[in-house]
Amino acid sequence: MRKFHAVGVLVAAAVFTVVSVSSAQAKATDVRSPGNLAGGRYESSNDTLSMWDNSWIENDYVRLRVTNVTRNDPRVYTHDGLPDYNNRKDVRVPTTWRSGDKITLQVCTVDRYSGSARCSGTATAWV
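Conventions used here
Residues numbered from 1 in each chain as written. Predicted model: local features only at pLDDT ≥ 70, side-chain atom pairs only at ≥ 80, totals over all residues. Heavy atoms only, no water. Helix = DSSP H or I, 4+ residues; strand = E, 2+ residues; numbered from the N terminus. Buried < 20%, exposed > 50% of the residue type's maximum accessible area, 1.4 Å probe, protein only. Contact = heavy atoms within 4.5 Å.

Teacher, can you tell me more about the overall build of the protein chain here?
If you tally the helices and strands in the protein chain, you get one helix and nine strands. Reading the helices (α) and strands (β) of the protein chain from amino to carboxyl end gives α-β-β-β-β-β-β-β-β-β. Among the 127 residues that make up the protein chain, the fraction classed as buried is 34%. Long-range contacts, defined here as pairs at least 24 residues apart, represent 56% of the contacts in the protein chain between residues at least 6 apart.

Explain the environment of Ala28 to me, please; I cannot follow it from the model alone.
Note that Ala28 resides in strand S1 (residues 28-32). In the structure, Ala28 is positioned 16 residues away from Ser44 in sequence and 6.2 Å away in space, judged by C-alpha atoms. Beyond its immediate sequence surroundings of up to four residues, Ala28 is in contact with Arg41, Tyr42 and Glu43.

So what exactly am I meant to see when it comes to unusual backbone geometry here?
Among all residues save glycine, negative phi is the norm, and among peptide bonds the norm is trans. Positioned with a positive phi, Asn36 is a non-glycine residue whose angle comes to about 55°. Tracing the chain through its elements places Asn36 in the loop between S1 and strand S2 (38-43). With phi around 50°, Asn72 is a residue other than glycine that occupies positive phi space. The exposure class assigned to Asn72 is exposed, which follows from its relative accessible area of 67%.

Don't take any of this as a statement about function, it's just geometry.
Structure, rendered in structure tokens:
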């Protein structure tokens, strides 16, 4: 009986360790526009959305569309920068979003005069 109890305790400790480690691991989800002119990221470790501009074209800007699918909450963030100056913009996810919510991300390079956009595919992540 003691042998079974000891094995049970070891198994329980191993399962707890695996669950603890897996839930603590951070995950980054990236999206890139065609030609890598713009990028976007959701970083789960600090609940941050980032966008950056890799283009030298001065008449464009970055648009990051993020939708919380779970809560039907679409958001649009924009950033105007150059690769060597003011390249990256970070924003925190809304406080109404909760752990386990499903979100989608898409980043676009948008021409400010014509309004035409070159967009990435849509990536899925979880808060």
